[in-house]
Amino acid sequence: MSERTKPISVGVSGLGRSGWDIHCKAIRQMGGTFRVAAVFDPIEKRAEQANAELSARTHDSFVSLINDKDIELVVVASPNKFHASQAAAALTAGKHVLCEKPFGFTTADADAMIRAAKDAGKVLQPFQQRRFEPDFRKVREVIESGVLGTIHSVRICWHGFKRRWDWQTSRAMGGGTMNNNGPHLIDHAMELFGDAEPAVWAEMKHLLCSGDGEDHLKIVLSAPNAPTIDIELSDGIAFDQDRWHICGTSGGLRGSASGLSWKYVDWKSMEARPLNLASTPDRSYNSEKLAWRTDEWRPETKADPGGGAAPAAAPVLELYGGLYKSIREGAPQVITPESVRRRVAVMEKVRSFTGIPLAVVYE
């Protein structure tokens, strides 16, 4: 078997919801292009399960895992506060790295990982698989088609009503909704925002969770010649709204992962309306019949349920497929660490604006 066709041997750090239910599951579905060769988790039962079901070697520490000579790729799926340090250490040890979100907490974290990857000549892949979601791709396609005109407002919502009491509600562990699911919405927002540097207004509220982390997040991004983007991620909203609400100068789009609809006007087909300062003959407001055009989209596969639920498989598998090509064939990364760094910078601005500092003690 040639180097280009042999499976990529993977070491997984952390076998919780993400490491086991997302990453190990995806690797099993990748048709032999990857294999879980080794694992580390401080909970012995989890490691034993990986050994029994995947024939994976178990390590008693992260350092031991990254020193395993058989491992080519390390998946960092440990609790949030370990991501940046473990990713940098694995890169320095000569491994490729797939790093779960959050991709560090600060731009300094992101820069350190990016620098370590360049120094080692290895691939550093942020796990922002939701860029491959069908609804996001369709939203971007419709916007880029120009039928909605110039986009002036975007609203992105992930709503729910629930309590949580696990480590992801603890600020000391790097929890809170901005770090847990916020990276996905902010990543989508920055992809639609453009190249401008955004000003940020934000609020973070603690509503229902048992820890001290926020479970309600509101962010507004703005800049000259860019759309105003309103992001709302909350576990305190009983009546949810559409995930997408896009407003342009020719029309708009609304919907969620289960379907989108949009309508627009072709202004070129309409009568010109130059300014007229004279009073209307019958004291009426100006009005005209708009020639609306409509369209809609439905996904070919089951819709992703959104924040707080297990992600759909297809975007995860697509990310792994691209990662295989980057490692084995030297193909450019579709989702680069530098693009995700922009999202991390927004998270920094949110903490600065709200005055809620990072509570994490790095490990």
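How each quantity is defined
- Residues numbered from 1 in each chain as written.
- Predicted model: local features only at pLDDT ≥ 70, side-chain atom pairs only at ≥ 80, totals over all residues.
- Heavy atoms only, no water.
- Helix = DSSP H or I, 4+ residues; strand = E, 2+ residues; numbered from the N terminus.
- Buried < 20%, exposed > 50% of the residue type's maximum accessible area, 1.4 Å probe, protein only.
- Axes fitted to C-alpha atoms, helices over the stretch in contact; angles between N-to-C directions.
- Parallel < 35°, antiparallel > 145°, perpendicular 65-115°, else oblique.
- Left-handed = near helix turned anticlockwise from the far one by under 90°.
- Contact = heavy atoms within 4.5 Å.
- Nonpolar A, V, L, I, M, F, W, Y, C, P; charged D, E, K, R; others polar.
- Pairing = 2+ DSSP bridges.
- Phe/Tyr/Trp six-rings, centres within 6.5 Å; stacked < 30°, edge-to-face > 60°.
- Lys NZ or Arg CZ within 6 Å of the ring centre and 35° of its normal.
- Expected span 1.5 Å × (residues − 1).
- Right-handed = clockwise from strand over helix to strand, strands pointing away.

## A short note on unusual backbone geometry
Here is step 1 of the chain: Following lysine 101, the chain continues to proline 102 via a peptide bond in cis, the omega torsion being 0 degrees.
Here is step 2 of the chain: Following the sequence through the fold, proline 102 ends up in the loop between β5 (96-99) and α5 (107-120).
Here is step 3 of the chain: In this structure, asparagine 225 takes a positive phi of about 60 degrees despite not being glycine.
Here is step 4 of the chain: Following the sequence through the fold, asparagine 225 ends up in the loop between β9 (216-222) and β10 (228-234).
Here is step 5 of the chain: Residue classification places asparagine 225 among the exposed residues on the basis of a relative accessible area of 87%.
Here is step 6 of the chain: At arginine 283, a residue that is not glycine, the phi angle is positive and equals roughly 65 degrees.
Here is step 7 of the chain: One can find arginine 283 in the loop between β13 (259-265) and β14 (292-297).

## Points about the packing of helix α1 (residues 19-28) against helix α2 (residues 44-54)
Here is step 1 of the chain: Where α1 contacts α2, the two axes come as close as 13 Å, and the packing angle between them is 15 degrees. Classed by the angle they form, the pair α1 and α2 counts as roughly parallel. Handedness of the α1/α2 crossing: right-handed. Across the interface between the two elements, Trp20, Cys24 and Arg28 of α1 pack against Gln49, Ala50, Glu53 and Leu54 of α2.
Here is step 2 of the chain: Considered class by class, the residues forming the contact of α1 with α2 number four nonpolar, one polar and two charged.

## Focus: the sheet that holds strand β3 (residues 57-59)
Here is step 1 of the chain: What the six strands build is an open sheet, ordered β3-β2-β1-β4-β5-β6; its pairing is parallel. Every other strand in the sheet has two partners, leaving β3 and β6 (124-126) as the edge strands with one partner each. Across the sheet, the mean angle from the axis of one strand to that of its neighbour is 25 degrees, orientation sign disregarded.
Here is step 2 of the chain: Where strand β1 (residues 8-13) meets strand β4 (residues 73-76), four bridges bridge the pair, whose relative direction is parallel. Pairing of valine 10 across the sheet is with leucine 73, part of β4.

## Considerations on the packing of aromatic side chains
Here is step 1 of the chain: Scanning the entire structure with this criterion turns up four aromatic pairs.
Here is step 2 of the chain: Their ring planes at 25 degrees and their centres at 6.1 Å tell us that phenylalanine 136 and tryptophan 244 sit as a pair that is stacked. Pair noted here: phenylalanine 136 is in helix α6 (residues 134-145) and tryptophan 244 is in strand β11 (residues 244-248), with a separation of 108 residues, a long-range link.
Here is step 3 of the chain: Judged by relative accessible area, tryptophan 244 falls into the buried class, the value being 0%.
Here is step 4 of the chain: Among the aromatic residues, those joined into a ring-pair cluster are Phe34, Tyr320 and Tyr324.
Here is step 5 of the chain: A cation over an aromatic ring shows up here: lysine 263 above the ring of tryptophan 292, its NZ or CZ 4.5 Å from the ring centre.

## Remarks on the packing of α6 against helix α8 (residues 182-193)
Here is step 1 of the chain: Here α6 crosses α8 at 15 degrees, and the two axes come no closer than 11 Å. Judged by the inter-axis angle, α6 sits roughly parallel to α8. Along this stretch, α6 crosses α8, giving a crossing that reads as right-handed. Contacts between α6 and α8 involve Phe136, Val139, Arg140 and Ile143 on the former and, on the latter, His188, Glu191 and Leu192.
Here is step 2 of the chain: Of the residues in the contact of α6 with α8, the class split is four nonpolar, one polar and two charged.

## A word on α5
Here is step 1 of the chain: In this model, α5 (14 residues) spans 20 Å end to end at C-alpha, consistent with the 20 Å of a helix rising 1.5 Å per residue.
Here is step 2 of the chain: For α5, the full list of buried residues reads Thr107, Asp109, Ala110, Met113, Ile114, Ala116 and Ala117.
Here is step 3 of the chain: On its buried side, α5 packs onto α4 (83-92), β5, β6 and α10 (337-354).
Here is step 4 of the chain: Trailing α5 by a residue or two, glycine 121 shows a phi angle of about 70 degrees, which is positive.

## With respect to the pairing of strand β2 (residues 34-40)
Here is step 1 of the chain: Of all the seven residues making up β2, six are buried; the element is thus mostly covered by neighbouring parts of the structure.
Here is step 2 of the chain: Of the pairings in the sheet, the one linking β1 to β2 comprises six bridges and is parallel in character. Among the inter-strand pairings, serine 13 is bridged to a residue of β2, identified as phenylalanine 40.
Here is step 3 of the chain: Each parallel crossover has a hand, and the one from β1 via α1 to β2 is right-handed.
Here is step 4 of the chain: In this sheet, β3 lies alongside β2 in parallel orientation, the contact comprising three bridges. Of the residues in β3, the one forming a bridge with valine 39 is threonine 58.
Here is step 5 of the chain: In the classification by handedness, the crossover that spans β2, the intervening α2 and the parallel β3 is right-handed.

## A look at the sheet that holds β11
Here is step 1 of the chain: Spatially, eight strands are ordered β8-β9-β10-β7-β11-β12-β13-β14 in an open sheet, and the strand pairing comes out mixed. Each edge of the sheet is formed by a strand with only one pairing partner; in this case those strands are β8 (199-205) and β14. Direction aside, the axes of adjacent strands within the sheet are offset by 10 degrees on average.
Here is step 2 of the chain: Sheet topology note: the β9/β10 ladder contains six bridges and is antiparallel. Its bridge partner lying in β10, leucine 217 is registered against leucine 233.
Here is step 3 of the chain: The sheet contacts of α10 involve β8 and β9, and relative to β8 the element is tilted by about 65 degrees.

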